[in-house]
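So the chains spell out like this:
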Amino acid sequence: MLIKRKRGWELKESAATPDRVFHQRRALIKAVAAGPLVIAAAPLLATAACGDEDGEATAGRDPSARLYPAPRNPRYRLDRPLTDKALATTYNNFYEFGSHKQIWRDAQALPIRPWTVTVDGMVEKPITIAIDDLLKRMPLEERLYRLRCVEAWSMAVPWSGFAMQAFVDFARPLSAAQYVRMETFLDPDVAPGQKAFWYPWPYVEGLTIAEATNELAFLVTGVYGQPLPKQNGAPLRLAVPWKYGFKSIKSIVRFTFTDRRPVTFWEEVQPREYGFWANVNPEVPHPRWSQATERVLGTDERVPTRLYNGYGEFVAHLYKGVAGERLFM
Ligand SMILES: Nc1nc2c(c(=O)[nH]1)N[C@H]1C(S)=C(S)[C@@H](COP(=O)(O)O)O[C@H]1N2
Ligand SMILES: [Mo]
């Protein structure tokens with residue numbers, strides 16, 4: 001077919017309803033100072049305002065709050081309106097806090113400061129860095145992405161964060177590294193779901209280096225122009241919108257570069273149902289859910305699901321060499 005078609009995420013630009021408040025606040029921040037000064041000053045100001053002995057961020061006192069809203073990157077567009085913030089922050093999968101969707105209150109028990117991120121394995125120099133120090137080094141931006149859960153519901157979310165490519169540059173993996181393995185915190189005292197012994201805690205996910213450095217791979221630290229709520233995976237989670245939602249690991253504490261393909265949490269639980277690649281494909285049903293259509297949260301609509309969740313032009317080339325593998329589960 002020779003007709004030039006618009007790519008899915010370019011359709012109906014106006015369908016994505018940016019919150020006018022974002023723009024006003026962003027304009028204000030720009031007026032006060034161009035980026036770096038604000039960013040450099042933020043941790044100091046936040047420390048002064050935060051009286052917690054243990055430095056734990058509580059609602060409204062997140063030390064990174066002044067970094068948001070981040071400027072929106074207009075390259076990533078939606079074909080549908082954004083999901084309501086109230087819905088996206090109260091309908092969650094986070095098995096550490098329970099195997100149902102209403103975990104948002106229980107997730108408030110997770111301490112997100114201090115929080116460190118460890119980079120190890122096949123890297124030039126292993127490092128452990130505090131999340132706020134990492135935030136100072138990374139170029140924050142906002143991106144509108146769709147999220148497609150393997151349970152066949154979907155959302156459209158304004159994430160803030162940084163390209164995973166920037167993080168990989170920071171981590172300096174050895175050229176022999178082929179994968180990055182990511183791990184969620186482990187603390188059954190704050191996350192009662194981790195007392196369920198039949199799950200292989202901590203939650204683990206993985207990407208190839210080519211996937212992790214694809215422009216779409218995004219490390220998320222905020223949403224709706226604010227720091228990320230705990231239930232959505234604060235202070236650091238992944239967004240890989242061409243893959244099923246379970247790849248988007250939450251509350252990450254460790255990135256290990258390796259030449260061995262990581263066995264992921266859900267693959268370990270049930271390899272017949274979940275694999276490493278988990279690319280969205282409407283024609284490959286999950287044993288329990290057809291993937292042909294999806295329920296758009298906050299609407300009565302079911303819409304057709306698209307190959308690679310509509311992001312094929314960014315990522316399809318990644319899978320040319322591995323066509324024999326189970327790429328879609
Ligand atoms: N650590 C961890 N990360 C996780 C999960 C989880 O249970 N634990 N659930 C995954 C699944 S199945 C989905 S659909 C998304 C949901 O993200 P959201 O709650 O922000 O919409 O998180 C993913 N990341
Ligand atoms: Mo999911």
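Residues numbered from 1 in each chain as written. Chains lettered and ligands numbered in written order. Predicted model: local features only at pLDDT ≥ 70, side-chain atom pairs only at ≥ 80, totals over all residues. Heavy atoms only, no water.

K.L.:
Just to check I follow, could you spell out the nonpolar core for this structure?
P.N.:
Nonpolar side chains in soluble globular proteins tend to be buried together. Ranked by size, the top nonpolar core spans 88 residues in total, and within it Met164, Phe255 and Phe257 carry the most contacts. Sort the elements by how many residues they give to this core and helix 5 (residues 164-171) lands first, with 6 residues. Ignoring any residue separated from it by four or fewer positions in sequence, one finds Phe257 in contact with Val119, Asp120, Gly121, Met122, Val123, Val168, Ala171, Pro173, Ala177, Tyr179, Val180 and Ile209. (Core = buried A, V, L, I, M, F, W, Y, C linked by side-chain atoms within 4.5 Å. Buried < 20%, exposed > 50% of the residue type's maximum accessible area, 1.4 Å probe, protein only. Helix = DSSP H or I, 4+ residues; strand = E, 2+ residues; numbered from the N terminus. Contact = heavy atoms within 4.5 Å.)

K.L.:
So what exactly am I meant to see when it comes to the pairing of strand 7 (residues 218-223) here?
P.N.:
Successive residues of a regular strand alternate their side chains across the two faces of the sheet. Among the 6 residues of strand 7, 6 are classified as buried, and the element is accordingly described as predominantly covered. As judged from the 5 bridges shared by strand 4 (residues 153-163) and strand 7, these two strands associate in the antiparallel manner. If you follow Gly161 over to strand 7, its bridge partner there is Val220. Note that strand 7 and strand 9 (residues 237-239) share 3 bridges and pair antiparallel. Bridging from a neighbouring strand, Val220 pairs with Arg237 of strand 9. (Pairing = 2+ DSSP bridges.)

K.L.:
Please clarify how the side chain of Gln194 should be interpreted in this entry.
P.N.:
Locating Gln194 in the fold gives a position in the loop between strand 5 (179-184) and strand 6 (204-208). Residue Gln194 is classed as buried on the basis of its relative accessible area of 6%. Reaching out from Gln194, the side chain makes a polar contact with the backbone oxygen of Phe185 at a distance of 3.0 Å. The residues contacting Gln194, other than those within four sequence positions of it, are Glu96, Phe185, Leu186, Asp187, Pro188 and Trp201. (Polar contact = N/O pair within 3.5 Å; in protein donor to acceptor, adjacent residues only side chain to side chain.)

K.L.:
Please clarify how the sheet that holds strand 1 (residues 116-121) should be interpreted in this entry.
P.N.:
Strands pair in a sheet through their backbones, by hydrogen bonds, and they do so in one of two ways: parallel or antiparallel. What the 5 strands build is an open sheet, ordered 2-1-10-5-6; its pairing is mixed. Unpaired on one side and paired on the other, strand 2 (127-130) and strand 6 mark the two borders of the sheet. In this sheet, adjacent strand axes meet at a mean angle of 20° when their direction is disregarded. In this sheet, strand 10 (residues 252-258) lies alongside strand 5 in antiparallel orientation, the contact comprising 6 bridges. When the bridges of strand 10 are listed, Tyr179 appears paired with Thr258. Against the sheet, helix 5 touches strand 1, strand 2, strand 5, strand 6 and strand 10, its axis set at about 65° to strand 10. (Axes fitted to C-alpha atoms, helices over the stretch in contact; angles between N-to-C directions.)

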